[in-house]
Amino acid sequence: MLPLEVLKAAGSEITCAHGTGQSVMEMSHRSRDFIKIIERAEALLREILSVPEDYTVLFLQGGAMLQFSMVPLNLGAVNAGEARKKATYIDTGVWAGKAAEEAKKYVDVRIGASSKDKNYSYIPAPPPPQNEDSFYHICLNNTIFGTVWNELPETGAVPLVSDASSCLLSEPLDVRRFGLIYAGAQKNLGPAGCTLVIIRSELLGGAPDWTPVMLRYDIHAKEKSLFNTPPCWSIYIMSLVFEWILKLGGLPEMAKRNREKAAALYEALENSPVFRPTAEKQFRSLMNVPFVAREENAEKRAAIESRFLNEAAAAGLINLAGHRLAGGLRASIYNAMPIEGVAALVKFIKNFDPK
Ligand SMILES: *Cc1c(COP(=O)(O)O)cnc(C)c1O
């Protein structure tokens, strides 16, 4: 979801943004009008997340998945003839696994720990980094399996890198703990098309000579995300979302709302005779709540879940199917989902008759 207020504001400005006589979709990305928009988006993000001065903010394209390549390319890859570098990845689900798989092309990947043994229902204990690690990668919130790192791994001098696509700006986060944070915009920040990267500036410039120019953080940093045409519309909507967050009270208020919403939903599922949440209690995500029918027989379980989806959709409760790779059910309750939306789902779960 995006906040209704943001959509309405964008709608009212769709033909004429801030009195400029043009839509953001029509602006040159090099115009003063657009530069004001991207600078404002960055300033708002820095304010909300307390991004330290020595970190660079980039607005890129290619989604979170392009970061699966850019991270190892820029932080670990080497020139021909040089010894390959190492990196540690923690396997906490589909996205974390895909990131590790892609990184193997550029660095020697060690899977430091995995929660695959219990279908990714928990966060494994992270080992210390290897001495030669060029970085250490985690997926902060596991969108598909609904788990979250409540305690970050201690990586010492090795930069901690995190995919925060599905939780950035859902609660306060200490940016200093990370060398690099990336997030596709479309989960919690704005419309698809933009990927945020927050990188400790001293980590810029590590890409080997053969790196495609569009995939170099240092080039995008030098050009202030205007090396080529950025996703202008997406950046504009993100700036409206950032304003909305600030106006409501920033990340402490987001966290309060998100905790309240998640608590109500998990409680309903724990007490439900029909459904149960799948993530272990101490690792439960505030953003993604996967659940399944308690029925043990797989065929009957699938039938209950499918009827739940149909009846929920008829009641106006949509997008409740689990990820296609995980099955089951899932409620994603990002920042813009109001408590009323969660309350409606809770009520529906309580009243659902499995027959
Ligand atoms: C959705 C998601 C992705 C994939 O994002 P794209 O922007 O589609 O590439 C990667 N990681 C996480 C944690 C996600 O939730």
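Described in the following lines is the structure provided in the data block. Given the structure is predicted, the values throughout are model-derived calculations rather than measurements. Each chain has its residues counted from 1, following the order in which its sequence is written. Given that this is a predicted model, residues contribute local features only at a pLDDT of at least 70 and side-chain atom pairs are listed and counted only at 80 or more, while totals for whole chains, interfaces and linings are drawn from all residues. Side-chain measures here rest on the full set of heavy atoms in the structure, leaving out hydrogens and waters.

It is worth spelling out the overall build of the protein chain at this point. By the criteria applied, helices consist of DSSP H or I runs no shorter than four residues and strands consist of E runs no shorter than two, each listed in order from the N terminus. Along the protein chain, the regular secondary structure elements total 9 helices and 12 strands. Note on method: radius of gyration uses C-alpha positions; expected globular size equals 2.2 Å times residues raised to 0.38. In terms of C-alpha radius of gyration, the protein chain reaches 21 Å, essentially the compact-globule figure of 20 Å for 355 residues. Seen along its three principal axes, the alpha-carbon backbone of the protein chain occupies a region of about 65 × 55 × 30 Å. Relative to its 355 residues, the protein chain shows a buried fraction of 53%. When contacts within the protein chain are restricted to residue pairs at least 6 apart in sequence, those whose partners lie at least 24 apart make up 64%. The protein chains shown are the only cover counted for residues, whose accessible areas, like all others here, come from Shrake-Rupley with a 1.4 Å probe. Total accessible area computed for the protein chain in this model is approximately 16000 Å², and 52% of it derives from carbon and sulfur atoms. The cut-offs for exposure are 20% and 50% of the maximum accessible area for each residue type, with area from a 1.4 Å probe on protein chains only; residues under the lower value are buried, those over the upper are exposed, and the others partly exposed. For this analysis, residues touch if any pair of their heavy atoms sits within 4.5 Å.

Across a sheet, strands are paired by hydrogen bonds formed along the backbone, either parallel or antiparallel in direction. Here, a strand pair is defined by DSSP locating no fewer than two bridges between the strands. Taken in spatial order, the 7 strands make up an open sheet running β1-β9-β8-β7-β4-β2-β3, and their pairing is mixed. Edge positions in the sheet fall to β1 (55–60) and β3 (108–114), since each of these pairs with one other strand and no more. The average undirected angle you get between the axes of adjacent strands in this sheet is 20°. To get an axis, a line is fitted to the C-alpha atoms, and for a helix only the part in contact is used. The angle between two axes follows their N-to-C directions and goes from 0 to 180 degrees.

Our next topic: helix α3 (residues 63–75). One turn of the α-helix equals 3.6 residues, which is why residues spaced by three or four share an orientation. How far a helix is expected to stretch is found by multiplying one less than its residue total by 1.5 Å. Here α3 spans 18 Å end to end across 13 residues, near enough to the 18 Å set by a 1.5 Å rise per residue. The term bend refers to the angle at a residue between two fitted axes, each drawn through seven residues, those ending there and those starting there. S69 marks the point of greatest bend in α3, at about 30°, and the proline P72 comes within the next four residues. Those residues of α3 lying buried are A64, Q67, F68, S69, M70, V71, P72, L73, N74 and L75.

Residues in close proximity to the ligand total 13 residues, the closest being M65, T143, D163, Q186 and K187. Within the backbone of M65, an N or O atom sits 2.9 Å from an oxygen atom of the ligand. Here a polar contact is taken to be a pair of N or O atoms separated by no more than 3.5 Å, where protein atoms must pair a possible hydrogen donor with a possible acceptor and residues adjacent in sequence count only if both atoms sit in side chains. The contact in question runs from an oxygen atom of the ligand to an N or O atom on the side chain of Q186, over 2.8 Å. Starting from 390 Å² of accessible surface for the ligand in isolation, the protein chains cover 86%. No other element matches the 4 residues that α3 contributes to the shell around the ligand. Ten residue types, Ala, Val, Leu, Ile, Met, Phe, Trp, Tyr, Cys and Pro, are classed as nonpolar, four, Asp, Glu, Lys and Arg, as charged, and the remainder, Gly among them, as polar. Of the residues in the shell around the ligand, the class split is 5 nonpolar, 6 polar and 2 charged. By convention in this text, a residue qualifies as near a molecule or strand provided that one of its non-hydrogen atoms is within 4 Å of it.

Before going further, it helps to examine the sheet that holds strand β11 (residues 288–293). What the 3 strands build is an open sheet, ordered β10-β11-β12; its pairing is antiparallel. The sheet is open, and its two edges are formed by β10 (275–277) and β12 (329–332), each paired on a single side. In this sheet, adjacent strand axes meet at a mean angle of 30° when their direction is disregarded. Here β10 pairs with β11 via 3 bridges, running antiparallel. Counterpart to R276 in the pairing with β11 is V292.

Patch definition: residues with relative accessible area over 30% and no salt bridge; like charges joined within 9 Å; nonpolar side chains (Val, Leu, Ile, Met, Phe, Trp, Tyr) joined within 5 Å. Salt bridge, as used here: a side-chain nitrogen of Lys or Arg that lies within 4 Å of a carboxyl oxygen of Asp or Glu. A surface patch of nonpolar side chains, amounting to about 230 Å² of accessible area, comprises V213, M214 and F227. Assignment of secondary structure puts F227 in the loop between α5 (217–222) and α6 (232–248).

Taken residue by residue, a regular strand's side chains alternate between the two faces of the sheet. Among the 6 residues of strand β2 (residues 86–91), 5 are classified as buried, and the element is accordingly described as predominantly covered. Alignment of β2 against β3, held across 6 bridges, turns out to be parallel. From the neighbouring strand, T88 faces β3, where its bridge partner is R110. When the strands point away from the viewer, a crossover counts as right-handed if the path from the first strand over the helix to the second runs clockwise. As for the winding sense of the linkage, the β-α-β connection from β2 through helix α4 (residues 94–103) to β3 is right-handed. Pairing analysis gives 3 bridges linking β2 to strand β4 (residues 133–139), with the strands arranged parallel. The residue of β4 that forms the bridge with K86 is D133.

Before going further, it helps to examine unusual backbone geometry. Even without being glycine, H18 reaches a positive phi, approximately 45°. Positioned with a positive phi, L169 is a non-glycine residue whose angle comes to about 70°. Along the chain, L169 falls in the loop between β7 (160–163) and β8 (180–184). Residue L169 is classed as buried on the basis of its relative accessible area, which comes to 1%.

To continue, consider the pattern of salt bridges. Here the structure, examined in full by the defined rule, presents 18 salt bridges. Among the ionic pairs, R176 bridges to D54, the shortest N-O distance being 3.2 Å. A residue pair is termed long-range when its members are at least 10 positions apart, and R176 in the loop between β7 and β8 and D54 in the loop between α2 (32–49) and β1 qualify at 122 residues. Looking at R176, the relative accessible area reads 48%, which means it is partly exposed. One salt bridge connects E270 with R284, and the closest N-O pair in it is separated by 3.0 Å. One end of the pair, E270, is in helix α7 (residues 250–270); the other, R284, is in the loop between β10 and β11, with 14 residues separating them in the sequence.

Within the secondary structure, M25 sits in the loop between α1 (4–12) and α2. Note on M25: relative accessible area 52%, which makes it exposed. Spatially, the C-alpha atom of M25 lies 8.3 Å from that of I14, the residues being 11 residues apart in sequence. Filtering out sequence-adjacent residues up to four positions away, M25 remains in contact with I14 and W233.

Taken by themselves, the reported measurements are silent on function.
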